[in-house]
Amino acid sequence: MDKFETLTGIAAPMPMVNVDTDMIIPKQFLKTIKRSGLGVNLFDEMRYDRQGNENADFVLNKAQYRDAEILIAGENFGCGSSREHAPWAIKDFGIRCVIAPSFADIFFNNCFKNGILPIVLPQEQVDILMKDAEKGQNARMTIDLEAQTVTTSDGELFTFTVDPFKKHCLMNGLDDIGLTLEKVNSIKAFEDAASAARPWV
């Protein structure tokens, strides 16, 4: 998993509330178990018409937001089913951070496990960030995970809280497998001791 330390990038404004995981990645794209290739179908039913043509009015189809790495969203983002494909699609598109007033719990935790930083901020601060994001590609925000700050293109700074363990995992690029591999020497020592004590097993 990629490390997350500091990110300076374009922020896309998406002021919709209750964006569920089926809107993020529709059910017909859940057949794969690969984490790559889903970005093209992120928000599929909003990004494309029935003929597969891009909807020019959708934010991520606009030229200034095609390379967005930050998403400013409405409350209760990621609600609905617990599909892990939702953060996979977001990450594969290139978005590394989602900022919203609130998230669905399972989606929130899945983000951390897939290298995405979900940030919860009060509505009034999200409104300011939404306005800043509306400036387009020349308005770049900076996310500093170590300092736990979000800085607008105008230099306005907001602080956020994050669980220390989740912060450690993101900053060191550790998913569940990575966390286990950190203990590989202890695991081997335990297995060797167990084999010596019970060689018949």
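Placed above this text is the structure.
Residues numbered from 1 in each chain as written. Predicted model: local features only at pLDDT ≥ 70, side-chain atom pairs only at ≥ 80, totals over all residues. Heavy atoms only, no water.

Trainee: Got a minute to help me understand the pattern of salt bridges in this structure?
Mentor: Two side chains carrying opposite charge are able to pair once their charged atoms lie near each other. Applying the stated criterion to the full structure yields five salt bridges. One salt bridge connects Lys135 with Asp154, and the closest N-O pair in it is separated by 2.5 Å. Here Lys135, found in the loop between helix 5 (123-133) and strand 5 (140-144), pairs with Asp154, found in the loop between strand 6 (149-151) and strand 7 (157-159); they are 19 residues apart in sequence, far enough to count as distant. Of the residues examined, Lys135 reaches a relative accessible area of 44% and is grouped as partly exposed. Judged by its relative accessible area of 61%, Asp154 falls in the exposed class. Among the charged side chains, a network of salt bridges with common partners joins Asp132, Lys135 and Asp154. (Salt bridge = Lys/Arg side-chain N within 4 Å of Asp/Glu carboxyl O. Helix = DSSP H or I, 4+ residues; strand = E, 2+ residues; numbered from the N terminus. Buried < 20%, exposed > 50% of the residue type's maximum accessible area, 1.4 Å probe, protein only.)

Trainee: Would you mind going over the pairing of strand 5 with me for this structure?
Mentor: Side-chain alternation along strand 5 places Met141 and Ile143 on a buried face and Arg140, Thr142 and Asp144 on a face that remains uncovered. Sheet analysis places strand 1 (residues 6-14) next to strand 5, joined by five bridges and oriented antiparallel. Bridge assignment links Thr6 to a residue of strand 5, and that residue is Asp144. Both strand 5 and strand 6 contribute to a ladder of three bridges, which runs antiparallel. (Pairing = 2+ DSSP bridges.)

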